[in-house]
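Geometric and topological summary
Chain by chain, the residues run as shown.
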Amino acid sequence: MKAKQIIALGVAAFLATMVYYSFTKTDSPEDYISTILKERQEKDEFMKNDKDSPFRSTKASTLGVASVPMDTAQATVVVNKLNYFPPDLKYKLKASLEPIENKKVIVLPTSDGKEKRYLEFAFAKFSLDGQENSLLIVEIMDAGPYKGTLFLAFADETSAKETYGAGRYIDLKKVPGASSIVLDFNKAYNPYCAYSDNFSCPFPPKENIMKIAVKAGEKKYHD
C-alpha cells in the first residue's frame, strides 16, 4: 500500500473517531450541575431586570409572553430568587416517543377561565421510581414565534405542596423522525401565573397528572 493511501486512511480513521466521540461524549455530572445552576442564575436576573418579566407585566398573556409590558420606570418590583430543587441527574431521562396517528386538536382550560387549543404530537413513555408514565406532548398552534414548538405541561405529587398547584412546564425540541426524546425535569418551570394573575396559562391535560413526586425543577415562588 502506498504511503499516501496509508496517510489518507489514518486521517479518515482519526476523523471518524472524532465524529464518534463528539456524538457519544456527555458532560460530567459536575458540568451538568454547573450548567443548570448557571441557567437558574440567568433566569433570576431576567425576572429582576427584564421588561418582559412577569413581575413587570400588566396585561393578560399566554405562556408567559407579556402582551403589554409596564414602563419599568413606573414599576417598583421586589423579586426574590426563584426556588428550586437541587439538580439531580435522576430526573434527566430518555423517554420513548409513541406517535399519534390521527392527531386531534385538544382544548385545555386556562387559569383565567378560558381555553387554549393545541395539536397532539406524541406520548412520551418512561419509567421513574418504579412507575410507568405516559405523558402527552402537544404542539403550539397559535401564530407567533412559538408556533410549531413542543410543550409538556404536567402535575405530580408535589403539586400544591412543594410546587405550583396548577402544574409546571417543560419546553421540548422537535426532532423529525426521532423515536425518543430527553425529558429533563430539572428544567421544569412555573407558568407566569405562578407569579402574577395577569396571565392566562393552560392547565396540564388529565393524562399528565403523575402519581409520583417529581422533586426536580422549580418550586413554588410564594409560600
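Note that the structure is predicted; figures quoted are calculated from it, not measured.

Rules used in this analysis
Residues numbered from 1 in each chain as written. Predicted model: local features only at pLDDT ≥ 70, side-chain atom pairs only at ≥ 80, totals over all residues. Heavy atoms only, no water. Phe/Tyr/Trp six-rings, centres within 6.5 Å; stacked < 30°, edge-to-face > 60°. Helix = DSSP H or I, 4+ residues; strand = E, 2+ residues; numbered from the N terminus. Lys NZ or Arg CZ within 6 Å of the ring centre and 35° of its normal. Core = buried A, V, L, I, M, F, W, Y, C linked by side-chain atoms within 4.5 Å. Buried < 20%, exposed > 50% of the residue type's maximum accessible area, 1.4 Å probe, protein only. Expected span 1.5 Å × (residues − 1). Arc of directions from axis to C-beta. Contact = heavy atoms within 4.5 Å. Disulfide = S-S within 2.5 Å. Salt bridge = Lys/Arg side-chain N within 4 Å of Asp/Glu carboxyl O.

Structural notes on the packing of aromatic side chains
Overall, the coordinates contain ten aromatic pairs when judged by the stated rule. The interplanar angle of 50° and the centroid separation of 5.9 Å between the aromatic rings of Phe126 and Phe185 together place this pair among those described as tilted. Taken together, the residues span a long stretch of sequence, with Phe126 in strand S3 (residues 115–128) and Phe185 in the segment after strand S7 (180–184) at a distance of 59 residues. Through pairs of rings, three or more aromatic residues link up here, namely Phe55, Tyr192, Tyr195, Phe199 and Tyr221. Above the face of the Phe85 ring, Lys219 is positioned so that its terminal group lies 4.8 Å from the ring centre.

Structural notes on the nonpolar core
Of all hydrophobic cores here, the largest spans 24 residues; its most connected members are Phe126, Ile137, Leu172, Ile181, Leu183, Phe185 and Val214. Mapped onto this core, the elements with two or more residues apiece are strand S1 (92–99), S3, strand S4 (131–140), strand S5 (150–154), strand S6 (168–172) and S7. Broken down by element, the residue count for this core peaks at five residues, all from S3. Counting 23 residues, the second-largest nonpolar core is a separate cluster that includes Ile100, Tyr169, Cys193 and Ala194.

Remarks on helix H2 (residues 29–49)
With 21 residues, H2 extends 30 Å from end C-alpha to end C-alpha; this agrees with the ideal 30 Å at 1.5 Å per step. If you check which residues of H2 are buried, you get Tyr32, Ile36, Arg40, Asp44 and Met47. All buried residues of H2 lie within an arc of 120° about the axis, which places them on one face of the element. With respect to the buried face of H2, the exposed residues turned more than 90 degrees away are Glu30, Lys38 and Gln41. Check the buried side of H2 and you find it contacts S1 and S7.

Notes on the state of the cysteines
One pass over the full model with this rule turns up one disulfide. Bridging Cys193 to Cys201, the disulfide has an S-S length of 2.1 Å. The sign of the 100° torsion about the S-S bond sets the Cys193-Cys201 disulfide as right-handed. Grouping residues by exposure puts Cys193 and Cys201 together as buried.

Focus: the side chain of Asn186
Structurally, Asn186 can be placed in the segment after S7. With sequence-adjacent residues up to four places away left out, Asn186 is seen in contact with Tyr32, Ile36, Arg40, Pro86, Pro87, Asp88, Leu89, Tyr91, Lys92, Ala216 and Gly217.

Concerning the environment of Gly113
Structurally, Gly113 can be placed in the loop between strand S2 (105–109) and S3. Taking relative accessible area as the criterion, Gly113 reaches 70% and is therefore assigned exposed. The sequence separation of Gly113 and Pro202 amounts to 89 residues, and the corresponding C-alpha distance is 9.6 Å.

Comments concerning the pattern of salt bridges
Opposite charge on two side chains lets them pair, provided their charged atoms get close. Using the criterion set out here, one finds ten salt bridges in the structure. Here Glu98 makes a salt bridge to Lys125, at a shortest N to O gap of 3.7 Å. Of this pair, Glu98 sits in strand S1 while Lys125 is found in strand S3, placing the two residues 27 residues apart along the sequence. We classify Glu98 as partly exposed; its relative accessible area is 37%. Notably, a salt bridge pairs Lys215 with Glu162, separated by 2.6 Å at the nearest N-O pair. Of this pair, Lys215 sits in the segment after S7 while Glu162 is found in the loop between S5 and S6, placing the two residues 53 residues apart along the sequence. The class of Lys215 is partly exposed, set by a relative accessible area of 37%.

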